[in-house]
Amino acid sequence: MPEGVPEGTGSTSPRTLAEALRTQSDRSLTALLRARPDLLNPVPSDLSQLATRAGTRASVVRALERLDRFTLQAAEALAVAPEPAPYDALRALLTGDEGDPGIEAALPGAVTALRDQALIWGGNDRLRLVRTARELLAPSPTHPSPTGLGPTVAEATAGMSPGRLQEILTSAGLPSTHDPVSAVAALTALFTDRNRMGALLDTAPMEALSVLDRLVWGPPYGEVTSSPTPPVRWLRDRGLLLPATTRTVVLPREAALHLRAGRAHRRPEPVAPVVAPRTGTAPGEAADRSRMIDSTAAGQAYTALATIEELAKEWNEGGPNVLRAGGLSVRDLKRTATALDVPEPVAAFWVELGYAAGLLAPDGQTDERYAPTPAYDDWQELPPADRWTRLAIAWLTATRTAGLVGSQDSKGRTLAVLGPDLDRGPAPEVRRRILDLLATLPEGTAPDPESLLARLRWERPLRGASAGGRPDDLRARLAAWTMNEAEMLGFTGRGALSSHARALLAREPGTGTGAGAGAGPGAGTGTGPTGATPETRTSDGFGTGSGTGSGAGSAAELAAAGLRAARVLAPLLPEPLDHVLLQADLTAVAPGPLLRPLAELLAVTADVESKGGATVYRFTPGSVRRALDAGQSASDLHDFLKAHSRTPVPQPLAYLIDDVARKHGHLRVGSASAYVRCDDEAVLDEILADKRSLGLRLRRLAPTVLASHAEAAALLDGLRTMGFAPAAESTDGDVMITRALAHRTPPRAAPVPVPDGPPVPDATLLGAAVRAIRAGDLAATVVRKPASEPLVPSPTSSSSASSAASGRAAASSGALPRTTPGETLATVQAAAMTGSAVWIGYVNADGAASQRVIAPVRVEGGYVTAYDHTADEVRTYPLHRITGVAELADDPA
């Protein structure tokens, strides 16, 4: 066998996929179940059932979707090769007549990947594609082959009259035959003979060769009229075009392969496209670029934290209502975007991120509203770097896709923020894979977007096309959204991966897993740092096989990755400041992030005028009154500003505070429906004389009291609109201090990501599943003693002998054994004394019958305690439920 060709699965070629699986090691079966976790639900009872399940259409489609382009091309070539196909025939279909060292070097890895996933089986002299995969990939009139090849001569001429076949042979210069079978064989031999086929095409008109050129790379079908042109007639007469329907003809596969110089694909792609750096990258030292990238990304990370806090503050007293169908209304999204001072798509991302992190949720009340969760308060107490890692991990693992907001679902309904239809299973895998690819570039280097998309398409070609063969841009859109969201979140700076993101994504040596979800191809299946086998590893060190490992890792691994990232990010974040700069125009400038107590009180006392590197706050009568309503006095505000300002308190600001405080609380509002009282009768006279008070429907109850039909809150707002500064009053006559309510939902868990298929099983489950499958296969295929060998000493009565004979006959036929109760008891007792294993038939309490291989340990009280090889555990069986027993030729223990 040539060097580099993968070895077959045994010296004798298996006849079925189940037989091929029986020759594989436990490690190979484990790799198969890890790569195709859908085969484990439920755990197959034996290898025959595993093989059957591996050949089902849904499972095969899922496996094919996770193949990279070259591995898929190898499978497509096998689908058009004669079955079974030797390895050399497959190589010839991919390399062509001229050969290709790159393809020859990559093909063994592709064959190994297909065999490891049970998509092909058999030795290298007889490779067979799983039947369902062949049906999906082989050409047919209704399902063109991805290779562009059509049917074989035998398939295209099925049903053709013998006379027409003989006419084709004569036109092609071949001798006539005695039957259609030999005629088809002669025509096939002509088309597969390079010399004779070349000589035939040398006699073809140039127009006929032009027709072949249009069909050779597919689609191979063409329409013809009842009176075809001479070039088409020439090709049809010689079998180079065969009738597919009454109006279409097809180029036979053998002829197309000759015209293609033996290649099944026009452009085989054995090597993954390289992710190239972005053109026009600013020159400079790598260290300088890295520092610039880290600084930019850290600034974005801090902005992300501030945005989430501002969003929670906006919804602190109870956010927007939940739509009846779920989610946020368009009007509420616009209002939130205005409050955050960002475009609506960006606001949708931040809202979805807060929800995915478990910081925002519906409150579950009758009039359901969105609000921060108790977890938000815990999150606020964390250091900034730890808060960022919480958001980063939530984004990596979330399947909710904010980029879909505003688009329509299959029923034409608009998708809303926080709505029920925003989950996309591939999102975590695409995010993680893009970030992994960014990590392969030198530090401080941004990728070229087109090369990045080309790499993603190579790794998952079938997921880049819809069922109708049209390009499906979901993965491309996910990639674009990922790049934008990674920049906003601080994973990247100016398009390049930051140091703290690299720390978060780094895999522990020898584990093959990372902190994010949806790792790249091959992730989770390898044992080295890259999570890929040597045959499927590319030059960048990342696996390009077809493994389905999510790379999400355990909770402990995620926590460890978050700690690593936080340690790298912490020194890059700006230190919070304890001061502002007061200015004479009633503004305060915060030259950087502020300590939380200072920021919270300043947000109550002043309004944010502009954001950026320095936040500008403006003091207004309304903002000062808001601080007084929250329980602050004028002296408290003066002391606060003096303590936290690096500049003297401007006189206009001091006057503003004193002026508002002088009027604050001079009027008192309570509930009558509502009333106004004031010791100064002239003020009440002024209010009654003001035309703007007509809507409040005020009337005088006493010289110092006015009553109103309006609610107290409406009366407060109306008087403030008129220029007064009333204060709310309690039923006891005390001034009510109004503080911002911290409305919280009940404890809520973060939304669970919707997996893209079954979850990858852990090592414990895989080990138990392989043992159970092996044990079940042993019970199904174990060799029983022939009928000529006695079982155990049994009664000499004719009925006992007849019963034993029937039990042995059942054992040899594969049916449930049938023996008498006495013979059953004697056999299991003998097996318990000798420590041997026996084969039993067993019917459980539900009436379900099964075969089991057990090693009896104790027989007493009508029960048999035995080690069940099928279940891999010790069990107790009632003797009356055992239908019969038979000895094994070889003890499996």
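Predicted model, so just to flag it, every value in this text is computed and none were measured.

### Describing the overall build of the protein
Link 1 in the chain: For the protein, the helix and strand inventory stands at 34 helices and 23 strands.
Link 2 in the chain: Classification of the 893 residues of the protein by burial places 49% in the buried group.
Link 3 in the chain: Sequence-distant contacts in the protein: of pairs separated by 6 or more residues, those separated by 24 or more amount to 65%.
Link 4 in the chain: As presented, the protein carries roughly 40,900 Å² of accessible surface, and 54% of it is formed by carbon and sulfur atoms.

### Here we look at the packing of helix α11 (residues 180-192) against helix α12 (residues 194-202)
The description of two helices packed together rests on the angle between their axes and the distance between the axes.
Link 1 in the chain: Remark: α11 packs on α12, axes separated minimally by 5 Å, with the N-to-C direction vectors making an angle of 85°. The orientation of α11 relative to α12 falls into the category roughly perpendicular. Only Arg194, Arg196, Met197 and Leu200 of α12 make contact with α11, whose side of the interface consists of Ala189, Leu190, Phe191 and Thr192.
Link 2 in the chain: Per-class residue counts for the contact of α11 with α12 are five nonpolar, one polar and two charged.

### Thoughts on the sheet that holds strand β4 (residues 242-243)
Link 1 in the chain: As summarised here, the arrangement of the three strands in space is β3-β5-β4, forming an open sheet in which the pairing is antiparallel. Strands at the two margins of the open sheet, each flanked by one partner only, are β3 (221-223) and β4.

### Structural notes on the nonpolar core
Link 1 in the chain: Counting residues in hydrophobic clusters, the biggest one holds 90 residues, and the most contacted among them are Leu33 and Leu50.
Link 2 in the chain: Residue contributions to this core peak at eight residues, all from helix α5 (residues 69-80).
Link 3 in the chain: Those residues in contact with Leu33, other than ones at most four positions away along the chain, are Leu39, Leu40, Leu50, Pro761, Leu766, Ala769, Val770 and Ile773.

### Overview of the pattern of salt bridges
Link 1 in the chain: Going through the model one piece at a time under the given rule, you end up with 30 salt bridges.
Link 2 in the chain: Asp26 is the salt-bridge partner of Arg774, the closest N and O atoms lying 2.8 Å from each other. Of this pair, Arg774 sits in helix α32 (residues 763-781) while Asp26 sits in helix α2 (residues 26-35), and the two are 748 residues apart along the sequence.
Link 3 in the chain: Owing to a relative accessible area of 23%, Arg774 belongs among the partly exposed residues under this scheme.
Link 4 in the chain: Of the residues examined, Asp26 reaches a relative accessible area of 41% and is grouped as partly exposed.
Link 5 in the chain: For Arg433, the salt bridge goes to Glu459, with nearest N and O atoms at 2.6 Å. Residue Arg433 is found in helix α21 (residues 427-440), and its partner Glu459 is found in helix α22 (residues 449-459); the two are separated by 26 residues along the sequence.

### Observations regarding the sheet that holds strand β12 (residues 607-610)
Link 1 in the chain: Pairing in this open sheet of four strands is antiparallel, and the strands run β10-β11-β13-β12 from one edge to the other. Of all strands in the sheet, those with a lone pairing partner are β10 (581-583) and β12, marking the two edges. The mean inter-strand angle of the sheet, taken between neighbouring strand axes irrespective of direction, is 30°.
Link 2 in the chain: Summarising the sheet, β10 and strand β11 (residues 587-590) pair through three bridges and their orientation is antiparallel. Following the sheet pairing, Leu582 is matched in β11 by Ala588.

### A look at the packing of aromatic side chains
How two aromatic rings sit relative to each other is given by the distance of their centres and the angle of their planes.
Link 1 in the chain: Evaluated as defined, the whole model comprises six aromatic pairs.
Link 2 in the chain: With a centroid separation of 5.0 Å and an interplanar angle of 50°, the aromatic rings of Trp395 and Phe491 are classed as tilted. Taken as a pair, Trp395 in helix α20 (residues 384-397) and Phe491 in the loop between α23 (474-489) and β8 (492-493) lie far apart in primary sequence, 96 residues in all.
Link 3 in the chain: By relative accessible area, Phe491 is classed as buried at 0%.
Link 4 in the chain: Taken together through their ring pairs, the aromatic side chains of Trp388, Trp395 and Phe491 make up a single cluster.
Link 5 in the chain: The positively charged end of Arg387 is found above the aromatic ring belonging to Trp379, 5.5 Å away from the centroid.

### Quick notes on the environment of Pro42
Link 1 in the chain: Following the sequence through the fold, Pro42 ends up in the loop between α2 and α3 (47-54).
Link 2 in the chain: With 727 residues separating them along the chain, Pro42 and Ala769 place their C-alpha atoms 9.7 Å apart.

### A look at helix α13 (residues 206-215)
Link 1 in the chain: Where α13 is concerned, the buried positions are Ala208, Val211, Leu212 and Leu215. Take α13 and look down its axis: the buried residues cluster within an arc of 95°, on one side only. Exposed side chains of α13 directed beyond 90 degrees from the buried face belong to Met206, Asp213 and Arg214.
Link 2 in the chain: Packing partners of the buried residues in α13 comprise α12, β3, α14 (230-237) and α15 (253-259).

### A closer look at the environment of Leu127
Link 1 in the chain: Following the sequence through the fold, Leu127 ends up in the loop between β1 (120-121) and β2 (128-129).
Link 2 in the chain: Separated by 43 residues in the primary sequence, Leu127 and Pro84 have C-alpha atoms spaced 5.3 Å apart.
Link 3 in the chain: Here Leu127 is in contact with Leu78, Pro84, Ala85, Tyr87, Leu90, Arg115, Ile120, Trp121 and Gly122, once residues within four sequence places are set aside.

### A look at unusual backbone geometry
Most peptide bonds take the trans form, and the phi angle of most residues other than glycine is negative.
Link 1 in the chain: For the peptide bond that leads from Asn41 to Pro42, omega is -5°, which places it in the cis range.
Link 2 in the chain: At the junction of Gly218 and Pro219, the peptide bond is cis and its omega measures out at -5° in the coordinates.
Link 3 in the chain: Within the secondary structure, Pro219 sits in the loop between α13 and β3.
Link 4 in the chain: Look at Ala118: it is not a glycine, yet its phi comes out positive at around 60°.

### Structural notes on the pairing of strand β13 (residues 615-618)
Link 1 in the chain: Sheet topology places β11 next to β13; four bridges connect them, and they run antiparallel. For Thr587, the partnering residue across the bridge sits in β13 and is Arg618.
Link 2 in the chain: With three bridges joining them, β12 and β13 adopt antiparallel strand pairing. The residue of β13 that forms the bridge with Val608 is Tyr617.

### Thoughts on the side chain of His664
Link 1 in the chain: Looking at the secondary structure, you find His664 in the loop between α29 (651-663) and β14 (668-670).
Link 2 in the chain: There is a polar contact of 2.7 Å between the side chain of His664 and the side chain of Asp629.
Link 3 in the chain: Once you skip the residues sitting within four places of it in the chain, His664 turns out to touch Arg625, Leu628, Asp629, Ala725 and Ala727.

### Observations regarding helix α31 (residues 712-721)
Link 1 in the chain: The complete set of buried residues in α31 reads Ala712, Leu715, Leu716, Gly718 and Leu719. All buried residues of α31 lie within an arc of 165° about the axis, which places them on one face of the element. Along α31, the residues that are exposed and aim more than 90 degrees away from the buried face are Ala713 and Thr721.
Link 2 in the chain: Backbone geometry just after α31 places Gly723 at a positive phi near 105°.

### Some thoughts on the side chain of His638
Link 1 in the chain: Looking at the element boundaries, His638 is found in helix α28 (residues 634-644).
Link 2 in the chain: The class of His638 is buried, set by a relative accessible area of 16%.
Link 3 in the chain: Excluding its chain neighbours within four sequence positions, the residues that come into contact with His638 are Ala654, Ile657 and Asp658.

### Things to note about the confidence of the model for the protein
Link 1 in the chain: Confidence along the protein averages 82 in pLDDT terms, with 85% of residues attaining 70 or more.
Link 2 in the chain: Low pLDDT, under 50, characterises residues 465-471; the stretch is placed with five contacts to residues that sit more than four places away or in other chains.
Link 3 in the chain: With pLDDT under 50 throughout, residues 787-814 is counted as low confidence; its partners more than four residues away or in other chains account for 35 contacts.

### Considerations on the packing of α20 against α21
Link 1 in the chain: The interhelical angle for the contact between α20 and α21, taken along N-to-C directions, is 115°, at an axis separation of 7 Å. Here Trp395, Leu396 and Thr397 of α20 lie close against α21, whose contacting residues are Pro428, Arg431 and Leu435.
Link 2 in the chain: Per-class residue counts for the contact of α20 with α21 are four nonpolar, one polar and one charged.

### Focus: the pairing of strand β21 (residues 863-868)
On any regular strand, side chains alternate: one points to one face of the sheet, the next to the other face.
Link 1 in the chain: The sheet contact formed by strand β20 (residues 849-860) and β21 spans six bridges and is antiparallel. Note on β21: the bridge partner recorded for Ala855 is Tyr867.
Link 2 in the chain: Count of turn residues in the β20/β21 antiparallel hairpin: two residues, of which Gly861 carries a positive phi of about 60°.
Link 3 in the chain: Inspection of the sheet shows β21 paired to strand β22 (residues 873-878) by six bridges, in the antiparallel sense. For Val864, the partnering residue across the bridge sits in β22 and is Tyr877.

### Observations regarding the environment of Pro220
Link 1 in the chain: With respect to the helices, strands and loops of the structure, Pro220 is situated in the loop between α13 and β3.
Link 2 in the chain: A relative accessible area of 3% means that Pro220 is categorised as buried.
Link 3 in the chain: The sequence separation of Pro220 and Gly148 amounts to 72 residues, and the corresponding C-alpha distance is 6.5 Å.
Link 4 in the chain: Here Pro220 is in contact with Gly148, Leu149, Gly150, Leu215, Val249, Val250 and Leu251, once residues within four sequence places are set aside.

Rules behind the numbers
Residues numbered from 1 in each chain as written. Predicted model: local features only at pLDDT ≥ 70, side-chain atom pairs only at ≥ 80, totals over all residues. Heavy atoms only, no water. Helix = DSSP H or I, 4+ residues; strand = E, 2+ residues; numbered from the N terminus. Buried < 20%, exposed > 50% of the residue type's maximum accessible area, 1.4 Å probe, protein only. Contact = heavy atoms within 4.5 Å. Areas by Shrake-Rupley, 256 points an atom, 1.4 Å probe, with all protein chains shown as cover. Axes fitted to C-alpha atoms, helices over the stretch in contact; angles between N-to-C directions. Parallel < 35°, antiparallel > 145°, perpendicular 65-115°, else oblique. Nonpolar A, V, L, I, M, F, W, Y, C, P; charged D, E, K, R; others polar. Pairing = 2+ DSSP bridges. Core = buried A, V, L, I, M, F, W, Y, C linked by side-chain atoms within 4.5 Å. Salt bridge = Lys/Arg side-chain N within 4 Å of Asp/Glu carboxyl O. Phe/Tyr/Trp six-rings, centres within 6.5 Å; stacked < 30°, edge-to-face > 60°. Lys NZ or Arg CZ within 6 Å of the ring centre and 35° of its normal. Arc of directions from axis to C-beta. Polar contact = N/O pair within 3.5 Å; in protein donor to acceptor, adjacent residues only side chain to side chain. pLDDT = per-residue confidence, 0-100.

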